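Letter by letter, the chains look like this.
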Amino acid sequence: GIYVDNLQIVHSAKLDAKGRGPDGCAYNEFMDAVQNRWKVTDEGPMEDLLGIEVEYNSDGSIKLHQRAYIRKVVERFMPDGPGNRVQKNSVPFSKDLRQNLLDALSQPVGSHPELVQPFQQVVGCLMYAATSSRPDVAYVTHQLCKCLQKPTPALMEETRHVLSYLARSTSVGLTFSAK
């Protein structure tokens, strides 16, 4: 995977202490070609990439999660901490989500201009989590996106609900098995 000036190479080659695979290995050929063209710094096994952390499990599986990112987002938008009403086993949205969305969509654009930018910022952060390692918040995030130009105080409360849910479930992520 490539992102601007970051390159992540996923392979199954067993590397030696010098970072080389066995003779004839495609990894060696690829790395030689890259290093002949650009200055490369090998940082070893990936620990994180763009806020997505990697956990290597003893069974060979890999878990992608965003504990640090979630903590940072919660601190930014909820400096007093997550709400007490959201329990660990709850869903990431309130029972009133549908009605809150309908109410927001029925109002004229500009009803709460002071909420537009903060709402868009928090929903943008939720989108990154949902598309990176937290598909459990994808539904509510998608629903909130419908109202980016029409936020209401009730929808701001919905974002706090999602953030509280994430704060209480930071260990959730995507696990890819070794087989």
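Check the entry above for the structure.
Presented here is an overview of the structure given in this document. Bear in mind that the values here come from a model prediction, so they are computed numbers and not experimental data.

Topic: helix H4 (residues 113–132)
Stage number 1. The end-to-end C-alpha distance of H4, which contains 20 residues, comes to 30 Å, matching closely the 28 Å that a straight helix rising 1.5 Å per residue would cover.
Stage number 2. Along H4, the positions that sit buried rather than exposed are Leu-115, Val-116, Phe-119, Val-122, Val-123, Cys-125, Leu-126, Ala-129, Ala-130 and Ser-132.
Stage number 3. Taken together, the buried residues of H4 touch strand E4 (52–56), helix H2 (67–77), helix H5 (138–145), helix H6 (153–167) and strand E6 (174–176).

Focus: the environment of Ser-171
Stage number 1. Its place among the elements puts Ser-171 in the loop between H6 and E6.
Stage number 2. Judged by relative accessible area, Ser-171 falls into the partly exposed class, the value being 39%.

Topic: the packing of H4 against H5
Stage number 1. Direction vectors running N to C along H4 and H5 enclose 150°, while the axes themselves pass 9 Å from each other. Seen along the crossing, H4 lies across H5 with a hand that is left-handed. Across from Phe-119, Val-123, Leu-126, Met-127 and Ala-130 in H4, the residues of H5 making contact are Ala-138, Thr-141, Leu-144 and Cys-145.
Stage number 2. Tallied by class, the residues present in the contact of H4 with H5 amount to eight nonpolar, one polar and no charged.

What to know about the pairing of strand E5 (residues 62–65)
Stage number 1. Examined bridge by bridge, E4 and E5 share four bridges and lie antiparallel to one another. Looking at E5, one finds that Val-54 is bridged to Leu-64.
Stage number 2. Strand direction decides the pairing type here: E5 and E6, joined by three bridges, are antiparallel. Its bridge partner lying in E6, Lys-63 is registered against Thr-175.

As for the packing of helix H3 (residues 97–106) against H6
Stage number 1. One way to put it is that H3 packs onto H6 with a least axis distance of 9 Å and a crossing angle of 140°. The angle between H3 and H6 falls in the class oblique. Relative to H6, H3 is oriented so that their crossing is left-handed. Here Leu-97, Asn-100, Leu-101 and Ala-104 of H3 come into contact with H6, specifically with Ala-154, Leu-155 and Glu-158.

Calculation criteria
Residues numbered from 1 in each chain as written. Predicted model: local features only at pLDDT ≥ 70, side-chain atom pairs only at ≥ 80, totals over all residues. Heavy atoms only, no water. Helix = DSSP H or I, 4+ residues; strand = E, 2+ residues; numbered from the N terminus. Expected span 1.5 Å × (residues − 1). Buried < 20%, exposed > 50% of the residue type's maximum accessible area, 1.4 Å probe, protein only. Contact = heavy atoms within 4.5 Å. Axes fitted to C-alpha atoms, helices over the stretch in contact; angles between N-to-C directions. Left-handed = near helix turned anticlockwise from the far one by under 90°. Nonpolar A, V, L, I, M, F, W, Y, C, P; charged D, E, K, R; others polar. Pairing = 2+ DSSP bridges. Parallel < 35°, antiparallel > 145°, perpendicular 65-115°, else oblique.

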